[in-house]
Amino acid sequence: MRQYEMAELSFRGPEPKGAPTDAEITGTFAKDGVEKTVPGFYAGDGTYKIRFYPEEAGTYTYKVTGEVTAEGSFIAEKAAGHGMVKAVGTHFEYEDGTPFYPFGTTIYALAHQTKDLMAETMETLKKAPFNKVRMCVFPKDYRYNKNDPAFFPFAKREDGSWDVTHPDCRFWDAFEEKITALGSMGIEVDLILFHPYDRWGFASMSQQDNLIYLSYLMKRFAAYPNIWWSLSNEYDFTPTKTLEDWEEIEKAVHDLDPYHHLESCHNGFHYWDATRKDITHSSLQVKSLPVVAHERARTGKPVMIDECSYEGNLNESWGAISGEEMTAHFWQAIALGGYCTHGETFLDPDTKDEDSAVVFWAKGGKLIGKSPERIAWLRNIVESLPGPIDPQTGGFGNLFDLSSEEMDDFIDKAPKQHKFFFNSMKRLTEYEKGILRAGEYTYAGQVGEKAYLWYLYRQTSARYEILLPETHTYKVEVLDTWEMTRTTFAEHASGSVLVRLPGKEYMAILATIEA
């Protein structure tokens, strides 16, 4: 066993006298006088399991009580990996302090497909740039996605409703295989616990059943290091749950997880309040990317744009943006100190049966879009920088997020000839700010004074002035984010630099400090 890897204890025992989810088995793990108690679960066929996540290297003793009893010890060797991903300020880090930059994709019903399609998807992901996958626990009923899974999470009662106290271990065992396979590729699983797109009855379970399900899921999954909890996809589209229900679910997920993985809730129209104490980051559906800087400033937490439309050719507008636009969304989010999630929604125009078609965003398969290789190129650039990107201070867009007092101080220090402009900005209503954010925004980020990034999006400028600190010198590069080229424009640069550009869309400028 190793630090940062799931440790599993397995025991033979009697069949549970009551419902399988009521079977009591508990493990208390101790190291250097510090104890952590975690619940186990009945895994079927006379087997009980307890899963533990060693957060430190060293010798652990354990004591098992309940349906079976046992005592013992094991050594957790020093980690080979980095541990769980945590939110630190407005960015993400592994437990060992290594930065984690999420470059995600979406495959909602990944776990519910045939073995052949699963194998093809896993081969695709091995070669793709994505280190996070959004996927659902429950099967999904939606256009382009109508197939039943091989197994369902629970047995059925005589009246046809789901008996959450009797999990079907075939479903859960198969699901764990997917989590393990993705983890072996360094991919985080952003696990969607509920969603509204349902014809089987999972979205309309009672709140009591919801909590029983969550308790069982946590016993099985919480010790996996590569898990994030997403309370729901488009939570506000679920007619059977009130806001109070969702708040209870949020608290249950936090309280039932001994290790407190990342936790978010994804919106349809109404943003979930990411300032709530158990929520670690924002998970937004939005098409206007300037919201990244505003949400960061509002919450003080990381911002994931988990849905911003998909590269594809569907009838629906959310599934029919170009590869250029999908790539641009990533650059916009990154430049403003946030992160983005990809999706691909291509459908063969000659397809007669849409619901049996394989659309990547729904089922997986192969990637055919143009954005993934450009996202890979961006990821290499981001990971080569000396740290995570924050929005540049003083940029036009950042002024929208200043308080009245901060704006007054800014205007006092502004050049006299510009004061009229900033005084006009001060009078903007929130509605007017929203319009300006969507249409006039500077996508500019920085890593302290070590690196500066300007993403020009659809500007076709022939020249662009950048301002660098006079106290350092920088290498200035012109990046063509679509053609994936880097051209050195200047070295030993500082102060005001007028950068020549080719007058085309999707250009960026990167300035990195010289040693």
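Our structure is the block above this text.
All of the points below concern the structure found in this document. (Residues numbered from 1 in each chain as written. Predicted model: local features only at pLDDT ≥ 70, side-chain atom pairs only at ≥ 80, totals over all residues. Heavy atoms only, no water.)

1. Section: the overall build of the protein
If you tally the helices and strands in the protein, you get 11 helices and 30 strands. Computed over its C-alpha atoms, the radius of gyration of the protein comes to 25 Å, within 12% of the 24 Å expected for a compact globule of 515 residues. Seen through its principal axes, the protein has C-alpha atoms that stretch 80 × 60 × 40 Å. Taken over 515 residues, the protein has a buried fraction of 56%. Restricting the contact set of the protein to residue pairs at least 6 apart, pairs at least 24 apart contribute 70%. Approximately 22100 Å² of the protein is accessible, and the part contributed by carbon and sulfur atoms is 50%. Both charge centroids of the protein, one from 53 positive and one from 78 negative side chains, sit 2 Å from each other. (Helix = DSSP H or I, 4+ residues; strand = E, 2+ residues; numbered from the N terminus. Rg over C-alpha atoms; globule rule 2.2 N^0.38 Å. Buried < 20%, exposed > 50% of the residue type's maximum accessible area, 1.4 Å probe, protein only. Contact = heavy atoms within 4.5 Å. Areas by Shrake-Rupley, 256 points an atom, 1.4 Å probe, with all protein chains shown as cover. Lys, Arg positive; Asp, Glu negative; His and termini not counted. Charge placed at Lys NZ, Arg CZ, Asp CG, Glu CD.)

2. Thoughts on unusual backbone geometry
Among all residues save glycine, negative phi is the norm, and among peptide bonds the norm is trans. Even without being a glycine, Ser309 presents a positive backbone phi close to 80°. With a relative accessible area of 6%, Ser309 lands in the buried category. Unlike most non-glycine residues, Met484 shows phi in positive territory, near 60°. Examined against the element boundaries, Met484 turns out to sit in the loop between strand S27 (474-480) and strand S28 (485-493). Among the residues examined, Met484 registers a relative accessible area of 24% and is labelled partly exposed.

3. As for the pairing of strand S18 (residues 282-285)
A regular strand places its side chains on the two faces of the sheet in alternate fashion. Across 4 bridges, S18 lies against strand S19 (residues 303-307) in parallel orientation. By the bridge assignment for S19, Ser282 is matched with Val303. As a crossover connection, the stretch from S18 through helix H5 (residues 291-299) into S19 is right-handed. (Pairing = 2+ DSSP bridges. Right-handed = clockwise from strand over helix to strand, strands pointing away.)

4. Looking at the sheet that holds strand S1 (residues 7-12)
Sheet strands line up and pair through hydrogen bonds in the backbone, either parallel or antiparallel. The strand order across the open sheet formed by 3 strands is S1-S5-S4, and the pairing between neighbours is antiparallel. In this open sheet, the two edge strands, each paired with only one partner strand, are S1 and strand S4 (41-44). The average undirected angle you get between the axes of adjacent strands in this sheet is 35°. In this structure, S1 lies alongside strand S5 (residues 47-52), joined through 6 bridges in antiparallel fashion. For Phe11, the partnering residue across the bridge sits in S5 and is Tyr48. Lying over the sheet, helix H3 (residues 207-221) contacts S4 and S5, oriented at roughly 80° with respect to S4. (Axes fitted to C-alpha atoms, helices over the stretch in contact; angles between N-to-C directions.)

5. A word on the pattern of salt bridges
A complete count under the given rule lists 32 salt bridges for this structure. Across the pair Asp209 and Arg157 runs a salt bridge, and its minimum N-O distance is 3.8 Å. Here Asp209 is found in helix H3, whereas its partner Arg157 is found in the loop between strand S13 (154-156) and strand S14 (162-167), with 52 residues between them in sequence. A relative accessible area of 13% places Asp209 in the buried class. Owing to a relative accessible area of 33%, Arg157 belongs among the partly exposed residues under this scheme. With a shortest N-O distance of 3.3 Å, Glu373 and Arg374 are connected by a salt bridge. Using a relative accessible area of 48% as the deciding quantity, one classes Glu373 as partly exposed. The class for Arg374 is buried, based on a relative accessible area of 11%. Several salt bridges converge on common partners, so that one network encompasses Glu8, Lys49, Arg51, Asp173, Glu176 and Arg220. (Salt bridge = Lys/Arg side-chain N within 4 Å of Asp/Glu carboxyl O.)

Scope: geometric values only; no functional claims are made or implied.
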